[in-house]
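Below, each chain spelled out in residue letters.
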Amino acid sequence: MKGKIFMFKKKLKVIIISIIAIIVVVFLAGGYTVYSKLSKIKTTKIELTDEEIGIQKQEEEEVKDKKDVTSILLLGLDREEHATDVNMILTLDNDNKEMRLLSILRDSYIYYGEGKTNKLNYAINYGGVTNSIKTVNENYGTEIRDYVLIDFDGVMNLVDAMGGVTVNLTSEEIPYISPNKNLKPGNNLLNGKQALSYSRIRRIGTDFQRTQRQRNVIDAMYSKVKSLSLGDMNKLLDVALNNVETSLSYGEILSMAQKIISYGGNEIKQGRVPVDGTWHDGDESIYYLMWDKEPNLRYVREFIYGE
């Protein structure tokens, strides 16, 4: 009997670790013993046709249909600017048993019209979350129907709830992290405010380095979660569920959790667009990142479907 209880607790911990991997990556959670808590998540179902959400039929439709791949859009919202500072595509590849995380740079040029700020991150400003999904689908050839959104306060709350995260800092980054007292080059334990400051550094490097910092924070959270006790993870779950909004149903969340469990803790594959050699700075007074469509669409499709 004791052996069965031990195995149940071990299985439960694996489930919650896998689920909180989703919290860290898509800021969601679920599980056999926490199903009732899912009611805390703000859910907004998207009931639009493929055409309305910007999904276009691909030439390789038959190939795509044979692949067990699910992608959702992850959005980090700056409520003051009402723009998405973080725009990522999380892919669950059930064929290859792996998760993939693709960053799309926020300043990427997307045309909304004259007199508007024509950047990817302003899609939400001009039409809400559904417009963010539609914009990504239309411009990057994706087939996304669902999203997870968290604002910056939510990120800070999650990091604080797990006792901080360890991030490797450079001497150039430290002055832009608040508060920065006692920080030094190398590994540092950052609290929620510091982790957010780190992920939003704009004055050094480029937006490419900035999105890498965001992925560094996600990796650090993922690593920290795996070391937490069952009780601590349960507390973290409560914080996470109060800080997210999603279009996914309870059943879909649990299904994603089951898939991730089956992946056996594989590392998250990372990428970003535009890829090197396919972009240049715009000439206008407002900064735009101009990018070549064809090579980036090809990269996105290869990254998502592993083709």
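Treat the numbers as computed from the prediction; the structure is a model and nothing was measured.

Draft legend 1. Here's a closer look at the overall build of the protein chain. When helices and strands are tallied, the protein chain shows 9 helices and 11 strands. Of all 307 residues assigned to the protein chain, the portion counted as buried reaches 53%. With an accessible surface of roughly 14500 Å², the protein chain has 49% of that area assigned to carbon and sulfur atoms.

Draft legend 2. Structural detail: the sheet that holds strand 3 (residues 83-93). Strand order across the open sheet formed by 7 strands is 1-8-5-2-3-4-9, with mixed pairing between neighbours. Strands at the two margins of the open sheet, each flanked by one partner only, are strand 1 (42-43) and strand 9 (269-273). Note that strand 3 and strand 4 (residues 98-104) share 6 bridges and pair antiparallel. Residue pairing in the sheet places Thr91 in a bridge with Arg100 of strand 4. Contacts from helix 8 (residues 250-262) reach strand 1, strand 2 (69-78), strand 3 and strand 4, with the element oriented near 60° to strand 3. Along the sheet, helix 9 (residues 293-305) contacts strand 2, strand 3, strand 4 and strand 9; its crossing angle with strand 9, the most-contacted strand, is approximately 165°.

Draft legend 3. How the structure looks around unusual backbone geometry. Between Ser178 and Pro179 the backbone carries a cis peptide bond, its omega angle lying at -10°. If you trace the backbone, Pro179 turns up in the loop between strand 6 (165-169) and strand 7 (186-190). With an omega of 5°, the peptide bond between Val273 and Pro274 qualifies as cis. Secondary-structure assignment places Pro274 in the loop between strand 9 and strand 10 (279-281). Here His82, not a glycine, exhibits a phi torsion of approximately 50°, which is positive.

Draft legend 4. Region of interest: a negative patch on the surface. Residues Glu114, Asp281, Asp283 and Glu284 make up a contiguous surface patch of negative charge. Within the secondary structure layout, Glu114 lies in the loop between strand 4 and helix 3 (128-140). Residue Glu114 is classed as exposed on the basis of its relative accessible area, which comes to 71%.

Draft legend 5. Summary view of the nonpolar core. Leu73, Ile89, Ile133, Val136 and Tyr140 are the most contacted members of the largest nonpolar core, which totals 31 residues. Those elements giving two or more residues to this core turn out to be strand 2, strand 3, strand 4, helix 3, strand 5 (147-151) and helix 9. Here Leu73 is in contact with Met88, Ile89, Ser132, Ile133, Val136, Ile144, Asp146, Tyr147 and Val148, once residues within four sequence places are set aside. Of all hydrophobic cores here, the second largest spans 24 residues; its members include Val155, Leu190, Met221 and Met233.

Draft legend 6. Molecular detail of the side chain of Gln214. As for its position among the elements, Gln214 is in helix 6 (residues 207-225). Among the residues examined, Gln214 registers a relative accessible area of 7% and is labelled buried. Among residues more than four places away in sequence, those in contact with Gln214 are Asp85, Val86, Met88 and Ser199.

Draft legend 7. Expanded view of the side chain of Glu245. The residue Glu245 is located in strand 8 (residues 245-246) in this model. Glu245 gets classed as buried once you look at its relative accessible area, which sits at 16%. A polar atom in the side chain of Glu245 sits 2.7 Å from the side chain of Tyr147. Ignoring any residue separated from it by four or fewer positions in sequence, one finds Glu245 in contact with Lys42, Thr44, Val129, Tyr147, Val148 and Leu149.

Draft legend 8. Structural detail: helix 5 (residues 192-199). Most of helix 5 is tucked away: 7 of the 8 residues are buried. Looking at helix 5, one finds that the buried residues are Gly192, Gln194, Ala195, Leu196, Ser197, Tyr198 and Ser199. Buried residues in helix 5 make contact with helix 4 (152-161), strand 6, strand 7 and helix 6. The backbone nitrogen of Lys193 lies 3.2 Å from a side-chain oxygen of the residue at the head of helix 5, namely Asn191.

What counts and how
Residues numbered from 1 in each chain as written. Predicted model: local features only at pLDDT ≥ 70, side-chain atom pairs only at ≥ 80, totals over all residues. Heavy atoms only, no water. Helix = DSSP H or I, 4+ residues; strand = E, 2+ residues; numbered from the N terminus. Buried < 20%, exposed > 50% of the residue type's maximum accessible area, 1.4 Å probe, protein only. Areas by Shrake-Rupley, 256 points an atom, 1.4 Å probe, with all protein chains shown as cover. Pairing = 2+ DSSP bridges. Contact = heavy atoms within 4.5 Å. Axes fitted to C-alpha atoms, helices over the stretch in contact; angles between N-to-C directions. Patch = residues over 30% accessible without salt bridge, like charges linked within 9 Å, V, L, I, M, F, W, Y side chains within 5 Å. Salt bridge = Lys/Arg side-chain N within 4 Å of Asp/Glu carboxyl O. Lys, Arg positive; Asp, Glu negative; His and termini not counted. Charge placed at Lys NZ, Arg CZ, Asp CG, Glu CD. Core = buried A, V, L, I, M, F, W, Y, C linked by side-chain atoms within 4.5 Å. Polar contact = N/O pair within 3.5 Å; in protein donor to acceptor, adjacent residues only side chain to side chain.

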